[in-house]
Amino acid sequence: MKKRIYLIELLVISIVAFAGVMIAINNKSHKVDYRTYTIKKTPDLILTGKVTPTKQVEIAKKLPAGTSLVYDSISNNSFVRKGECVAMYTYKHVDPSSSLKIQQLVNERKGLIGDNSVDNQIKINQLNQQIDSIAKKIYAHEYLAPFDGYIQIEPTDKESVSLVSASQVIKTEISQYDLPTISHNSSVKLLEEATGKQAKGQIDYISVLPETGSSNYSILLRTKQHLNYGNSIEIKLPVNQILIPAKAVDHGAVYVMNHGKPQKVKDAVEKQNNDWILKPGATVKIGDKLLLNYKELPKNER
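Residues numbered from 1 in each chain as written. Predicted model: local features only at pLDDT ≥ 70, side-chain atom pairs only at ≥ 80, totals over all residues. Heavy atoms only, no water.

All right, on to the overall build of the protein then. When its secondary structure is counted, the protein shows three helices and 20 strands. Counting all 302 residues of the protein, 31% fall into the buried class. By sequence separation, contacts in the protein at least 24 residues apart represent 70% of the contacts at least 6 residues apart. For the protein, the accessible surface area stands at approximately 20,000 Å², while carbon and sulfur atoms represent 53% of it. (Helix = DSSP H or I, 4+ residues; strand = E, 2+ residues; numbered from the N terminus. Buried < 20%, exposed > 50% of the residue type's maximum accessible area, 1.4 Å probe, protein only. Contact = heavy atoms within 4.5 Å. Areas by Shrake-Rupley, 256 points an atom, 1.4 Å probe, with all protein chains shown as cover.)

Applying the stated criterion across every chain yields a total of seven salt bridges. A salt bridge links aspartate 148 to arginine 81; the shortest N-O distance between them is 3.4 Å. Residue aspartate 148 is located in the loop between strand S7 (141-144) and strand S8 (149-153), and its partner arginine 81 is located in the loop between strand S5 (79-80) and strand S6 (85-91); the two are separated by 67 residues in the primary sequence. (Salt bridge = Lys/Arg side-chain N within 4 Å of Asp/Glu carboxyl O.)

Strand order in the closed barrel formed by six strands is S2-S10-S13-S12-S11-S14, and the pairing between neighbours is antiparallel. Neighbour to neighbour, the strand axes of the sheet diverge by 40° on average, direction disregarded. As defined by bridge partners, strand S11 (residues 187-192) adjoins strand S14 (residues 232-237) across four bridges and the pair is classed as antiparallel. Opposite lysine 189, over in S14, you have lysine 236 as the bridge partner. (Pairing = 2+ DSSP bridges. Axes fitted to C-alpha atoms, helices over the stretch in contact; angles between N-to-C directions.)

This brings us to the nonpolar core. One finds Ile170, Leu190, Ile235 and Leu237 to be the most contacted residues of the largest nonpolar core, which totals 18 residues. In terms of nonpolar packing, the next biggest core, distinct from the first, is built from 16 residues, Leu69, Val86, Ile151 and Ile153 among them. (Core = buried A, V, L, I, M, F, W, Y, C linked by side-chain atoms within 4.5 Å.)

Turning our eyes to something else, we now look at unusual backbone geometry. Backbone geometry at asparagine 77 places phi at a positive 70°, although glycine is not the residue there. Here asparagine 77 shows up in the loop between strand S4 (67-70) and S5. A positive phi angle, close to 55°, is found at histidine 251, a residue other than glycine.

Glancing now at the pairing of strand S10 (residues 168-175). Relative to S10, strand S2 (residues 45-53) runs antiparallel, the two being bridged by four bridges. Along S10, the bridge assignment pairs threonine 52 with valine 169. Where S10 lies against strand S13 (residues 216-223), six bridges are found, and the strand directions are antiparallel. Opposite threonine 172, over in S13, you have isoleucine 219 as the bridge partner.

Pairing between the strands of a sheet is mediated by backbone hydrogen bonds and can be parallel or antiparallel. One open sheet holds the three strands; their spatial order is S15-S19-S18, and the pairing between them is antiparallel. Looking at the sheet topology across the chains shown, the edges are occupied by strand S15 (243-244) and strand S18 (269-272).

Between its first and last C-alpha atoms helix H3 (residues 118-138) spans 31 Å; for 21 residues at 1.5 Å apiece the expected length is 30 Å, and the two agree. Every buried residue of H3 is accounted for by Asn120, Ile124, Leu127, Ile131 and Ala135. Seen along its axis, H3 keeps its buried residues to an arc of 65°; they face one direction. Pointing more than 90 degrees away from the buried face of H3 are the exposed residues Val118, Asp119, Gln129 and Asp132. (Expected span 1.5 Å × (residues − 1). Arc of directions from axis to C-beta.)

Attention now moves to the side chain of glutamine 168. With respect to the helices, strands and loops of the structure, glutamine 168 is situated in strand S10. In this structure the side chain of glutamine 168 is engaged in a polar contact, spanning 2.7 Å, whose partner is the backbone nitrogen of leucine 227. Discounting chain neighbours no more than four positions away, the residues touching glutamine 168 are Val51, Thr52, Pro53, Thr54, Arg222, Gln225, His226, Leu227 and Tyr229. (Polar contact = N/O pair within 3.5 Å; in protein donor to acceptor, adjacent residues only side chain to side chain.)

Within the secondary structure, valine 284 is located in the loop between strand S19 (275-278) and strand S20 (289-291). Along the sequence, valine 284 and valine 254 sit 30 residues apart, while their C-alpha atoms lie 9.0 Å from each other. Contacts of valine 284, omitting those with residues within four sequence positions, involve Ile39, Val254, Val256, Val265, Ala268, Leu278 and Leu290.

As structure tokens, this is what we get:
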């Protein structure tokens, strides 16, 4: 009897030992070699733009009909402020007898002064209008600057005189895929490629509609530093989104490594276009490590 009990005990011990060995083997076979990705700030978006004036007017097209510029009054590349005289202009084909005609009208008007009748006052007003009309064609007139800027005379076409605004913008374009990554008033870094000059600026305008026949959107940037008109500018725009690799995303959830163990975090990411991005306000942050091979985890850990 004692021998039978001993055998039974030995059998139980053997079964328990075997079970322990099998559990250990099973656990060892499910051990996952974690492969991770450290969340980083998304690199700046690099664009190329061009410096252009905010305004530009061709002066000849702004003058009254039948007039021409007096070029002796214009200095190329000179700076003028709003309201200052940019150039002088005169009327073409002035009748040589215009001065005599004015004198005759002035004498006629003198003969009517003193008579305050309604008819007489009407005649005086008519004479004044005639005198003004002829006088303005004899004398030179000023064209005043509508804004601060520089005079630009085309060397091959003296008839082409422009006022180029002192204020400037940098024009560029952005694709429909990158558009959600930027925002109005965001700070940007600028590099004038020809001179190496660096400057800071900000996004002043983002078009609502894409350009005609294109999927790109127009952007205007401003900077307080003066850059050379027409020069190419390298633009670094900070991306306001943090990209997450698709391999780290499990139906909108990610596995954050916490003290060497993966911890599932739901609702941390969202999909935009074809990219997964970190949701604003998510507990997951830059510097956290995400598990890439989460599919290798045992089901009870997922």
